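# Report on the structure
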Amino acid sequence: MVAIKWDESLSVGVDLIDEQHKMLIERINDMSAALNRHHAAPKIIKTLDFLIEYTDFHFGTEEKHMVKNHYPAFEAHKKAHDDLKVTLGHLEEDFMEEGATEDLAGSINVFLVNWLINHIHAIDTEFGKFLREQGIKMRE
Ligand code: FEO
């Protein structure tokens, strides 16, 4: 697959979130490249672990600021994060059991990329708007 690239259309108007999304995209691209190039299992697992670890970190950052600032849509946003974490866990289990199948590569290439882009456009953008309207700065 063609690697996805961050561009201004993905900006939520909050620098810290944009920077973390860029890193997330980089990790999805790394994972995807490892699968597409048929790298050895340990390398693929490493890229998947990096992706899961960074996803947890990024979601944690957003959720911390939602709670701190009494964001009204916190529950729905957190549920979307939790659903993806469960899916990533399943992808890892599938990989452990079946290796880098075409299905798994397809899930990574299509599902994760679509999920992230849709989530940024539909959900994170709203959070970014809320932060800007409230004059809240996110520094960490
Ligand atoms: Fe940027 Fe809600 O994840």
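Residues numbered from 1 in each chain as written. Predicted model: local features only at pLDDT ≥ 70, side-chain atom pairs only at ≥ 80, totals over all residues. Heavy atoms only, no water.

### Some details on unusual backbone geometry
Notably, H70 is not glycine yet its phi reads approximately 55 degrees, a positive angle. Along the chain, H70 turns up in the loop between α2 (41–68) and α3 (74–98). (Helix = DSSP H or I, 4+ residues; strand = E, 2+ residues; numbered from the N terminus.)

### Some words on empty space enclosed by the protein
In the structure shown here, the tally under the stated rule is 1 cavity of 30 Å³ or more. Here the largest cavity defines a volume of roughly 60 Å³. Surrounding the largest cavity, L24, I28, L51, T55, L84, L88, L112, W115 and L116 form its lining. When residues of the lining of the largest cavity are assigned to their parent elements, the largest contribution, 3 residues, is made by helix α4 (residues 102–134). For the lining of the largest cavity, the residue count by class is 8 nonpolar, 1 polar and no charged. (1 Å grid on protein atoms, 1.4 Å probe; cavity = no way out; pocket = protein on both sides within 12 Å on 5 of 7 lines; lining within 4 Å. Points joined across faces, edges and corners; volume = space filled by probe spheres on them. Nonpolar A, V, L, I, M, F, W, Y, C, P; charged D, E, K, R; others polar.)

### Some remarks on the side chain of H21
With respect to the helices and strands, the residue H21 is situated in helix α1 (residues 15–36). Residue class for H21 comes out buried when judged on its relative accessible area of 0%. Of note is the side chain of H21, whose polar atom sits 2.9 Å from the side chain of D124. If near-sequence neighbours (up to four positions away) are discounted, H21 is found in contact with W6, V12, H58, E62, I120 and D124. (Buried < 20%, exposed > 50% of the residue type's maximum accessible area, 1.4 Å probe, protein only. Polar contact = N/O pair within 3.5 Å; in protein donor to acceptor, adjacent residues only side chain to side chain. Contact = heavy atoms within 4.5 Å.)

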